[in-house]
Amino acid sequence: MTGDRTEFLGRNGTLRNPEAMTRARLSGRVGAALDPCAAIQVPFDLADGQEREIIFRLGVGETHMTPASW
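Colleague: How should unusual backbone geometry be read in this particular structure?
Modeller: Leaving glycine out, the prevailing phi sign among residues is negative, and the prevailing peptide bond configuration is trans. Its identity as a non-glycine residue notwithstanding, asparagine 12 has a phi of 65°, on the positive side. Along the chain, the position of asparagine 12 falls in the loop between α1 (5-9) and β2 (36-39). Its relative accessible area of 72% is what places asparagine 12 among the exposed residues.

Below is the structure:
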């Protein structure tokens, strides 16, 4: 996964042809200083004519943290 649009698109990349589609792995980089995006990479193999449905379920959860749990 990555939260960095620049990593996903790559230099001179486009949404139609992002550089991330040529990589074996994304960096896992996320943070406030990045140009935000959400990209999740799941490798899988397909035989000729085979189909596979992949579902991503995203959401937000509430986390209660105390200084002792940091």
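Colleague: Any chance you could explain the layout of surface pockets here in plain terms?
Modeller: Sizing a probe to match a water molecule and rolling it over the atoms shows the empty space that remains. Reported here for the largest pocket is a volume of approximately 180 Å³. Together, Phe8, Ala20, Met21, Arg23, Leu26, Ala39, Ile40, Gln41, Val42, Phe44, Ile54 and Phe56 line the largest pocket. Each residue belonging to the lining of the largest pocket can be placed in one class, and the counts come to 10 nonpolar, 1 polar and 1 charged.

Colleague: Just checking my understanding: could you explain the pattern of salt bridges for this structure?
Modeller: Between side chains of opposite charge, a pair can form as their charged atoms come close. Within the structure shown, the criterion is met by 5 salt bridges. Between aspartate 4 and arginine 29 there is a salt bridge, with the nearest N and O atoms lying 3.3 Å from each other. Here aspartate 4, found in strand β1 (residues 2-4), pairs with arginine 29, found in the loop between α1 and β2; they are 25 residues apart in sequence, far enough to count as distant. Overall, the relative accessible area of 7% leaves aspartate 4 in the buried class.

Colleague: What is the right way to look at the side chain of threonine 2 in this model?
Modeller: Summarising the element assignment, threonine 2 is placed in strand β1. Residue classification places threonine 2 among the buried residues on the basis of a relative accessible area of 2%. Ignoring anything within four residues of it in the chain, the contact list for threonine 2 reads Glu7, Phe8, Leu26, Ser27, Arg29, Cys37, Ala38 and Ala39.

Colleague: Would you take a moment to explain a nonpolar patch on the surface for this structure?
Modeller: A cluster of nonpolar residues, Met1, Val30, Ile40, Val42, Phe44, Leu46, Ile54, Phe56 and Leu58, forms a patch on the protein surface that exposes about 850 Å² of accessible area. By the element assignment, valine 42 lies in the segment after β2. With a relative accessible area of 39%, valine 42 lands in the partly exposed category.

About the thresholds
- Residues numbered from 1 in each chain as written.
- Predicted model: local features only at pLDDT ≥ 70, side-chain atom pairs only at ≥ 80, totals over all residues.
- Heavy atoms only, no water.
- Helix = DSSP H or I, 4+ residues; strand = E, 2+ residues; numbered from the N terminus.
- Buried < 20%, exposed > 50% of the residue type's maximum accessible area, 1.4 Å probe, protein only.
- 1 Å grid on protein atoms, 1.4 Å probe; cavity = no way out; pocket = protein on both sides within 12 Å on 5 of 7 lines; lining within 4 Å.
- Points joined across faces, edges and corners; volume = space filled by probe spheres on them.
- Nonpolar A, V, L, I, M, F, W, Y, C, P; charged D, E, K, R; others polar.
- Salt bridge = Lys/Arg side-chain N within 4 Å of Asp/Glu carboxyl O.
- Contact = heavy atoms within 4.5 Å.
- Patch = residues over 30% accessible without salt bridge, like charges linked within 9 Å, V, L, I, M, F, W, Y side chains within 5 Å.
- Areas by Shrake-Rupley, 256 points an atom, 1.4 Å probe, with all protein chains shown as cover.

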